[in-house]
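In case you want the letters, here they are:
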Amino acid sequence: MTATAHGKPDIMELIARAPWREAVTYRDTWPHEYVLIKRDAQQELLAAFCERIGVGEGVECEFFRQRRKYLFLGDYRYWTMTECAEIDLDADDYVLNRARLYRDRRDFVILAGDSGRREA
């Protein structure tokens, strides 16, 4: 395993090892994958994600009227439904989501009438 300069595992390796599962409910509308942080033992991945968001690598985007920070890595964008500063793993489990990039404005702004299908 490759470590960063601080001795922490590289976020891309953590992502590669994570047990991503398809969000089946959204298969035909907004296809994406997710991991459950506590259930899947992905606390280190969530910490790496939140660290990147915390140092300003997150990009604020709009999904209809919801604004949140996304982390763009490789061919995916990653997000949580809860702000990193509000996450309390002692109290709850959390979800880290990822979706393939569209490579168009939908990576940053989703508008009414947009389709979640990449080919649309």
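The structure this text deals with has already been given above.
Described in the following lines is the structure provided in the data block. These numbers come from a predicted model, not from an experiment.

Overview of the state of the cysteines
Cysteine pairs can be covalently joined through their sulfur atoms, and such a bond is termed a disulfide. In total, this model carries one disulfide according to the counting rule given. The disulfide bridge from Cys50 ends at Cys84, spanning 2.3 Å between sulfur atoms. Because the torsion about its S-S bond is -80°, the bridge between Cys50 and Cys84 counts as left-handed. Of this pair, Cys50 sits in helix H2 (residues 43-54) while Cys84 is found in the loop between strand E5 (76-80) and strand E6 (95-100), placing the two residues 34 residues apart along the sequence. Note on Cys84: relative accessible area 19%, which makes it buried. Note on Cys61: no disulfide assigned, nearest cysteine sulfur contributed by Cys84 at a separation of 14 Å. For Cys61, a relative accessible area of 1% gives the class buried.

Here's the deal with the packing of aromatic side chains
Using the criterion set out here, one finds five aromatic pairs in the structure. Aromatic pair Trp20 and Tyr78: ring centres 5.8 Å apart, planes at 55°, arrangement tilted. Pair noted here: Trp20 is in the loop between helix H1 (11-17) and strand E1 (21-22) and Tyr78 is in strand E5, with a separation of 58 residues, a long-range link. Using a relative accessible area of 15% as the deciding quantity, one classes Trp20 as buried.

Here is what the cut-offs are and how they apply
- Residues numbered from 1 in each chain as written.
- Predicted model: local features only at pLDDT ≥ 70, side-chain atom pairs only at ≥ 80, totals over all residues.
- Heavy atoms only, no water.
- Disulfide = S-S within 2.5 Å.
- Helix = DSSP H or I, 4+ residues; strand = E, 2+ residues; numbered from the N terminus.
- Buried < 20%, exposed > 50% of the residue type's maximum accessible area, 1.4 Å probe, protein only.
- Phe/Tyr/Trp six-rings, centres within 6.5 Å; stacked < 30°, edge-to-face > 60°.

So yeah, pure geometry; function would need other evidence.
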